[in-house]
Each structure stands twice: as C-alpha cells, then as structure tokens.
Amino acid sequence: MTNTLYDALIAPHAKNGGTFLDLNDGTTWSYAYFVQRVAQLAHVLRDAGVTPGDRIVVQAPKTADTIALYGAALQAGAVFLPLNTAYTQTEVQYFVQDATPSLVICDPSRLDDITLIADGVGVMTLSSTGDGTLSLAADDKPTDFETVARGPDDLAALLYTSGTTGRSKGAMLSHKNLLSNAVSLVDLWQITDQDRLIHALPIFHTHGLFVAMNTSLLAGSQVRFMPAFDVDMILAELPKSTMLMGVPTFYTRLLADDRLDVKRTEQMRLFISGSAPLLAETHTAFEAKTGHRILERYGMTETNMITSNPFDGDRIEGTVGYPLPGTEVVVTDNGAPVAPGDIGMIEVRGDNVFQGYWNMPEKTAEELRENGFFITGDLGVAADDGRISIVGRQKDLIISGGYNIYPKEIEDVVNDIDGVLESAVFGVPHADFGESVMAAIVLEDPSLTDTTIASQVEPKLARFKHPRRYIVMDALPRNTMGKVQKNVLRNDFRA
Ligand code: MCA
Ligand code: AMP
C-alpha cells in the first residue's frame with residue numbers, strides 16, 4: 001500500500017530511536033515513538049468514522065499530539081484542515097460549513113462553542129495537558145495501523161486563505177504539492193539529521209506546519225518544539241541549535257535584546273525568514289550583531305515555497321532569491337512576460353502549486369491559468385539572473401506579524417453595524433508587527449463611538465484582525481472612478 005507523504009515523511013522512522021521533538025516540559029519524543037503515536041491516533045480517527053478523503057478540522061493548541069494528528073490524518077487518508085486558534089466561533093462556523101468535515105477537533109475550553117456550530121458533526125478535544133478526549137482515546141489503541149493508500153494527486157490538506165472578496169478560500173494541497181516542496185527545501189537549505197530546529201511558529205499555517213515540520217521529518221532532524229514565540233526561550237536554545245525559522249517580527253524582537261550576539265549564535269547554521277517582507281535594516285542589523293546573514297524566502301499557502309535566497313551564495317537584503325528547483329516563476333503584464341528589471345505580476349508553476357480552491361471553480365479559474373501558472377497577486381521584478389524582488393501587492397492585503405488580514409473581511413463586519421455608512425480598512429507601518437490595522441469610517445449615526453463599534457467587531461473576528469484605531473471621516477477619499485484611495489489613507493495616517 002503506498003501513501004505518498006506518509007511513506008516519505010513518517011514510515012522511514014519506524015525504527016529511528018533518535019529524538020524528533022524536544023518539548024518544553026523537558027521530555028522528548030523519539031521518531032519511533034512518533035510513528036507509533038501517529039498510528040494510535042489514526043485508529044481514533046477511523047473509529048470516529050473518518051474515511052479516506054474526509055476533512056478533519058483541527059483548532060487545537062500547539063502540542064506534540066497535534067503534530068501526530070497531522071501524521072494520523074495522512075496515514076488514515078484524511079485531509080488535514082488546521083485553523084488559527086484565535087478564530088472566533090463565527091469564523092470557525094464558516095470553515096465547518098464550507099469544508100463539511102467528518103470530525104472537528106478543538107481545545108476542551110472551546111467544546112461548547114464548537115459543538116454548537118458543528119451541526120451534528122462529531123467533536124473531540126485535544127488539550128495542551130494531554131487530557132483531551134482524542135488523546136485519551138489514542139492511549140489504548142494499537143501502535144500500528146494499516147496505512148491507507150494515497151497517491152501524489154490525492155488531497156493531503158485544506159488550508160484556508162482569506163480573499164479579496166472577503167470569503168475565505170480553501171486551498172487544496174495534494175500529497176505531491178507538499179512533498180515536492182519539502183524535498184526542494186531540504187536539498188536547498190542542506191537540512192540533515194544533524195540539525196536541531198528551533199520551532200516557535202504556530203502549526204496551523206504553511207510556514208510552521210509544512211516548511212518547518214515536513215522538512216524536519218524528511219531530513220530526520222531534531223525539533224525544539226516551543227508552544228509559542230518567546231524571546232527568552234529562543235535565546236536560551238540558540239547555543240544548542242542549528243536552525244531557526246521565523247517571521248520578521250521574530251528577528252526584530254531578538255534584535256532588541258542585548259543578549260543576542262556572535263557567541264550565542266556560534267552553533268547556528270541558518271536563520272530563515274518569510275511570510276512577510278524582511279526590512280533591509282533588520283537584515284543588516286542582524287548580521288552586524290551575530291555575523292549571520294538571514295536567508296529570506298517567499299511563499300504562499302496556495303504554492304508552498306516559491307523562491308529562496310541561496311544557501312551558498314549571496315543572500316541579498318530586499319530580495320527573495322531564485323525560484324526553487326522545479327518551480328517556474330515569471331513576472332508578467334496581463335500574462336505576458338515583462339523584461340528583466342520591469343515590474344509585473346509574479347506568476348508561478350510547478351509541482352508545488354495547489355489543486356484549486358475547494359468548491360470555488362470560478363475563483364480557481366480566475367487565479368490559476370489553464371497553462372498551470374498561478375497568479376500570486378504579488379508584484380515583483382526579476383533581475384537579469386532571475387533573482388526576484390517583491391515590490392508590492394496588487395491584492396488588498398495587510399500582513400501583521402506574519403498573519404494575513406484581508407481588509408474586505410473587516411469592512412464587511414464594520415459596514416454591517418447600524419449607524420455605519422461605510423468603511424475602509426488599511427495597514428500602516430508598525431515597528432513590531434510590520435503592519436497594523438486601521439479603519440476609516442463614515443457614520444450615519446454621529447453618536448456612534450469607537451467603543452461601540454469595537455464591541456460589535458470583536459466577537460466576530462480574531463483578535464489579530466481587530467482595527468487598532470478607528471478614524472471617523474466625513475467621506476472616504478476616492479479617485480475619479482469612485483474607488484477608495486487606500487494609498488491616501490495609508491500616507492495620511494502612517495504616523
Ligand atoms: C498576536 N497579536 C497580534 C498578532 N499576534 N496582533 C496583530 N498581528 C499579529 N500577528 C495580538 C495578541 O492577540 C495580543 O492582543 C497582542 O497582539 C500582543 O500579543 P503578543 O504577545 O505581543 O503577540 P505574540 O503572542 O508574541 O505573537 C506575535 C507573533 C505571532 C509571535 C509575531 O503573531 C506569530 O507567531 N506570528 C507568526 C504567524 C505565521 O506563522 N505566519 C505564517 C503564515 P492583546 O491586545 O489582546 O494583548 S504562512 C504564510 O504566510 C506563507 C505561506 C509563508 O510565506 O510563510
Ligand atoms: P499567505 O496567504 O498566508 O499564504 O501569505 C502569502 C503572502 O505573504 C504572499 O502572497 C506575499 O504577499 C507574502 N509573503 C510571503 N513571504 C514573503 C516575503 N519573504 N516577502 C514579502 N512578502 C512575503
């Protein structure tokens with residue numbers, strides 16, 4: 001029985017006694033134990049009625065069992081659908097209705113909330129202390145499981161990414177999409193079983209789940225698995241580790257600490273940054289303090305990683321490097337390639353590119369060309385030698401601390417409030433998060449206050465999407481076509 005990802009990432013470790021996860025409580029999971037735990041959880045999934053191709057929705061804390069659950073979903077032939085733990089009940093309800101999973105897994109503290117919206121679907125719990133119903137059920141299960149056959153084109157995961165229309169779209173990722181990218185990255189970044197990765201990212205996004213965990217599993221490296229980002233903890237682990245993957249906020253926060261220096265980072269082999277633009281000044285300051293040049297790479301949920309600065313060779317600040325092996329990148333104007341040095345739309349094709357949006361054939365057709373090129377919405381420039389720089393975004397998107405925030409989703413919620421005529425949500429520079437969310441609003445009812453508006457937005461949207469400031473205006477700035485000029489708002493309120 002073959003199963004593309006399971007066979008490459010998990011099965012080879014059945015007899016590997018080396019450490020896989022090094023946890024906060026001082027305990028470790030060997031690779032061999034991980035393989036057994038994956039099998040136990042696969043039994044629980046099957047007993048809960050999960051059949052091959054079924055989606056399982058997972059809004060769970062970052063624990064070793066959550067990673068094993070990802071492995072179990074692969075082994076049982078299911079489609080793993082992780083969700084940001086910050087999502088509210090309203091947000092989760094949309095994903096459950098859209099993806100029609102056969103099982104939902106959540107933190108015990110959310111059980112009542114989630115059961116209410118799960119619409120008859122089974123709900124199990126996974127807690128950070130190991131006493132959720134899923135983990136307890138797994139404890140008694142056999143430690144082997146007959147792997148379900150899955151081919152390269154079968155779906156392995158469904159990751160939601162917001163859209164400019166305000167409705168989140170489920171990106172369908174196949175076994176081949178995920179494996180091909182992991183193989184390229186392990187090769188390019190020269191990851192081996194001698195590496196020890198500091199893992200402080202969340203595991204519900206491409207970066208922390210696929211870029212970090214799939215590469216570690218493929219290479220058999222050790223993972224110092226932290227529940228969340230914490231400067232003290234990372235500084236303590238640097239002398240014992242070889243790699244760190246982070247969003248730019250990780251690096252600006254580390255830089256602000258005097259304990260970061262050459263000596264502390266001597267053992268480190270590679271610092272990787274992605275998910276948001278790394279400022280050239282962060283790159284330069286990091287090198288000055290540690291002697292390491294951060295390797296910046298570029299990717300998307302729909303495409304996995306697209307480009308990377310070289311491991312050997314120049315890591316140039318402000319650029320995202322070259323297309324990964326097997327990945328084609330073109331910079332276009334309406335689909336036609338532009339000359340090197342000219343700005344255009346970044347388009348990408350390769351085994352890494354997703355299968356389309358779940359239940360949204362029209363959206364898929366708009367963004368994924370028949371010739372296989374995916375239109376990223378990012379504007380870039382290719383140098384003569386093919387090195388890519390991102391210079392802007394055509395899509396209306398804010399990236400705050402590595403989380404993507406689509407203004408339309410917030411505007412829809414604000415506009416729904418009685419007494420609000422219209423709104424425009426935009427990003428302004430923020431020293432810690434890169435960008436931060438602001439909302440310009442035009443009121444019908446002048447007595448409406450910021451606090452009333454915020455109190456109506458907050459239960460509906462995850463905390464990181466909440467506008468940090470509301471600005472009341474008489475009218476939104478518009479161009480002659482009537483389109484709201486967000487660049488004007490950004491300029492006026494950047495300070
Ligand atoms: C937390 N808060 C945020 C964010 N994170 N607000 C805006 N943007 C954020 N990213 C809120 C908290 O709810 C809290 O609210 C307040 O800000 C301060 O929290 P703090 O403790 O400072 O935050 P933190 O818990 O330290 O988190 C910051 C973080 C975290 C470490 C940067 O956001 C993070 O891990 N980001 C990584 C995201 C990521 O993995 N992105 C990859 C996407 P209150 O005011 O209530 O206190 S995958 C992707 O983009 C593609 C494929 C790619 O290329 O990788
Ligand atoms: P997501 O929708 O979460 O997959 O985020 C993908 C988006 O993050 C891309 O389309 C880019 O706009 C942005 N992104 C990812 N990596 C980088 C990077 N290194 N520099 C600039 N933007 C990036």
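To be clear, the structure that these remarks concern was listed above.
Residues numbered from 1 in each chain as written. Chains lettered and ligands numbered in written order. Predicted model: local features only at pLDDT ≥ 70, side-chain atom pairs only at ≥ 80, totals over all residues. Heavy atoms only, no water.

Caption draft 1: Region of interest: the nonpolar core. Counting 70 residues, the largest nonpolar core has Phe 20, Leu 21, Phe 34, Leu 45, Ile 56, Leu 69 and Ile 105 as the members making the most contacts within it. Take this core: its biggest share by element is nine residues, from helix H2 (residues 31-47). Ile 56 has contacts with Leu 45, Val 50, Leu 69, Ala 73, Val 79, Phe 80, Leu 81, Pro 101 and Leu 103, leaving out every residue within four places of it along the chain. (Core = buried A, V, L, I, M, F, W, Y, C linked by side-chain atoms within 4.5 Å. Buried < 20%, exposed > 50% of the residue type's maximum accessible area, 1.4 Å probe, protein only. Helix = DSSP H or I, 4+ residues; strand = E, 2+ residues; numbered from the N terminus. Contact = heavy atoms within 4.5 Å.)

Caption draft 2: How the structure looks around the site of ligand 1. Around ligand 1 sit 24 residues in total, of which Arg 253, Ser 275, Arg 297, Ser 400 and Arg 463 are the nearest. The side chain of Ser 400 places a nitrogen or oxygen atom 2.5 Å from a nitrogen atom of ligand 1. At 2.9 Å from a nitrogen atom of ligand 1 is found a main-chain nitrogen or oxygen belonging to Gly 402. Relative to its unbound accessible surface of 1,000 Å², ligand 1 loses 72% to contact with the protein. Those elements that place two or more of their residues in the shell around ligand 1 are helix H8 (206-219), helix H10 (248-255) and strand E13 (295-300). Taken together, the residues that form the shell around ligand 1 break down as ten nonpolar, ten polar and four charged. (Near = heavy atom within 4 Å. Polar contact = N/O pair within 3.5 Å; in protein donor to acceptor, adjacent residues only side chain to side chain. Areas by Shrake-Rupley, 256 points an atom, 1.4 Å probe, with all protein chains shown as cover. Nonpolar A, V, L, I, M, F, W, Y, C, P; charged D, E, K, R; others polar.)

Caption draft 3: Just the sheet that holds strand E18 (residues 343-350), in detail. Ordered by their spatial adjacency, five strands build an open sheet running E17-E16-E18-E19-E20, and the pairing between neighbours is antiparallel. Both edges of this open sheet fall to strand E17 (336-337) and strand E20 (388-393), since each of them pairs with a single strand only. Relative to E17, strand E16 (residues 327-333) runs antiparallel, the two being bridged by two bridges. Bridge pairing in E17 places Asp 333 opposite Ala 336. (Pairing = 2+ DSSP bridges.)

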